[in-house]
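Chain and residue survey
Given next are the chains, with one letter for each unit.
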Amino acid sequence: SAVISQKPSRDICQRGTSLTIQCQVDSQVTMMFWYRQQPGQSLTLIATANQGSEATYESGFVIDKFPISRPNLTFSTLTVSNMSPEDSSIYLCSVSDSENEKLFFGSGTQLSVL
Amino acid sequence: RKEVEQDPGPFNVPEGATVAFNCTYSNSASQSFFWYRQDCRKEPKLLMSVYSSGNEDGRFTAQLNRASQYISLLIRDSKLSDSATYLCVVNRGAGFQKLVFGTGTRLLVSP
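Here the structure is a predicted model, which means the values were calculated and not measured. (Residues numbered from 1 in each chain as written. Chains lettered and ligands numbered in written order. Predicted model: local features only at pLDDT ≥ 70, side-chain atom pairs only at ≥ 80, totals over all residues. Heavy atoms only, no water.)

All names here are of chain A. Tracing the backbone through its elements, the reader meets Thr77 in strand E8 (residues 75–80). Within the structure, Thr77 has its side chain in polar contact with the side chain of Ser69 (distance 2.6 Å). The residues contacting Thr77, other than those within four sequence positions of it, are Thr20, Ile21, Gln22, Trp34, Pro67, Ile68 and Ser69. (Helix = DSSP H or I, 4+ residues; strand = E, 2+ residues; numbered from the N terminus. Polar contact = N/O pair within 3.5 Å; in protein donor to acceptor, adjacent residues only side chain to side chain. Contact = heavy atoms within 4.5 Å.)

Structure (structure tokens):
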């Protein structure tokens, strides 16, 4: 199974600022995924981070708000820009296994926006 | 109506009890099904995949009913360590981008 290191584990931010979340995987993976889990809600896919091309965003999420970098096959960042209290959530990165049968998740970033 | 629906619980059961969760899905074209476990303030972890023929892993049994569009998870001989939220996950197509997560069913196992 993949080992995923995600940081920061939690942060408290002021409205209007931006936070960049980092995700490091111990093996090369083709796709990395960024999810959001709002309080009491299900996991929602924000975007798929592809190495060498722009991220693919899901409906309701845009690059200006959630810019993503994928400089190589083991690393990705998600930035939450111009934050508002509605962005308070857990953000999770994930990767699939080599057989593309299961997802592994990072430990998540608990974000609180004041 | 949500695409994947689960009873949020909590299900409160004593140690040793048998407990079952159901999950319904609305997209009949859904192709694969999973149960994930999420401990409080932790990331989800795959518990088991769900196959048409049903599958068992130790104390856990998962079943799929395509005709009625639901999947189930049965836990026998509950342990305190089984306390967690169980997420039903449905893949409505090929690729992980098509995964739809339920909001989860919370299980509390007490001594």
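On to the layout of surface pockets, then. As a volume, the largest pocket reaches approximately 570 Å³. Lining the largest pocket are 23 residues, with Gln37(A), Gly40(A), Gln38(B), Cys40(B) and Thr85(B) positioned closest to its centre. Listed by contribution, the elements that provide at least two residues to the lining of the largest pocket are strand E9 (84–91) and strand E11 (105–110) of chain B. Residue contributions to the lining of the largest pocket peak at four residues, all from E11(B). Its residues assigned to classes, the lining of the largest pocket comprises eight nonpolar, 11 polar and four charged. For the second largest pocket, the lining is made up of 20 residues, of which Leu43(A), Thr44(A), Arg92(B), Leu99(B) and Val100(B) are closest to its centre. Secondary structure elements with two or more residues in the lining of the second largest pocket: strand E5 (43–50) of chain A together with strand E10 (99–101) of chain B. A per-class count over the lining of the second largest pocket returns eight nonpolar, seven polar and five charged. (1 Å grid on protein atoms, 1.4 Å probe; cavity = no way out; pocket = protein on both sides within 12 Å on 5 of 7 lines; lining within 4 Å. Points joined across faces, edges and corners; volume = space filled by probe spheres on them. Nonpolar A, V, L, I, M, F, W, Y, C, P; charged D, E, K, R; others polar.)

Moving on: the state of the cysteines. By definition, a disulfide links the sulfur atoms of two cysteine residues through a covalent bond. Evaluated as defined, the whole model comprises two disulfides over all chains. With a sulfur-sulfur separation of 2.0 Å, Cys23(A) is cross-linked through a disulfide to Cys93(A). Because the torsion about its S-S bond is 70 degrees, the bridge between Cys23(A) and Cys93(A) counts as right-handed. Pair noted here: Cys23(A) is in strand E3 (residues 19–25) and Cys93(A) is in strand E9 (residues 89–96), with a separation of 70 residues, a long-range link. Taken individually, Cys23(A) and Cys93(A) each receive the classification buried, so the pair is uniform in this respect. Each sulfur in the disulfide pair Cys23(B) and Cys88(B) lies 1.9 Å from the other. Taking the torsion about the sulfur-sulfur bond, which here is approximately -70 degrees, the covalent link between Cys23(B) and Cys88(B) counts as left-handed. (Disulfide = S-S within 2.5 Å. Buried < 20%, exposed > 50% of the residue type's maximum accessible area, 1.4 Å probe, protein only.)

With that settled, consider the packing of aromatic side chains. Within the structure shown, the criterion is met by 10 aromatic pairs over all chains. Look at Phe105(A) and Phe101(B): their rings are 6.2 Å apart centre to centre, the planes differ by 75 degrees, and that puts the pair in the edge-to-face class. One end of the pair, Phe105(A), is in strand E10 (residues 103–105); the other, Phe101(B), is in strand E10, on a second chain. Phe101(B) matches Phe105(A) in its accessibility class, with the two residues each being buried. (Phe/Tyr/Trp six-rings, centres within 6.5 Å; stacked < 30°, edge-to-face > 60°.)

A separate point is unusual backbone geometry. Look at the link from Lys7(A) to Pro8(A): it is a cis peptide, with omega at 0 degrees. Within the element layout of this structure, Pro8(A) appears in the loop between strand E1 (4–7) and strand E2 (10–13). Residue Pro10(B) follows Gly9(B) across a cis peptide bond; omega there is 10 degrees. You will see that Gln69(B), though not glycine, has its phi angle at about 55 degrees, which is positive. Following the sequence through the fold, Gln69(B) ends up in the loop between strand E7 (60–65) and strand E8 (70–75).

With that settled, consider the sheet that holds E8(B). All names here are of chain B. In space, the five strands of this open sheet follow the order E1-E3-E8-E7-E6, with antiparallel pairing throughout. The open sheet terminates on both sides in strands that have one partner only, identified here as strand E1 (4–6) and strand E6 (55–57). Neighbour to neighbour, the strand axes of the sheet diverge by 20 degrees on average, direction disregarded. Pairing of E1 with strand E3 (residues 19–25) involves three bridges; the strand directions are antiparallel. (Pairing = 2+ DSSP bridges. Axes fitted to C-alpha atoms, helices over the stretch in contact; angles between N-to-C directions.)

This paragraph deals with the side chain of Ser89(A). Its location among the elements puts Ser89(A) in strand E9. Those residues in contact with Ser89(A), other than ones at most four positions away along the chain, are Arg36(A), Gln37(A), Gln38(A), Thr109(A), Gln110(A) and Leu111(A).

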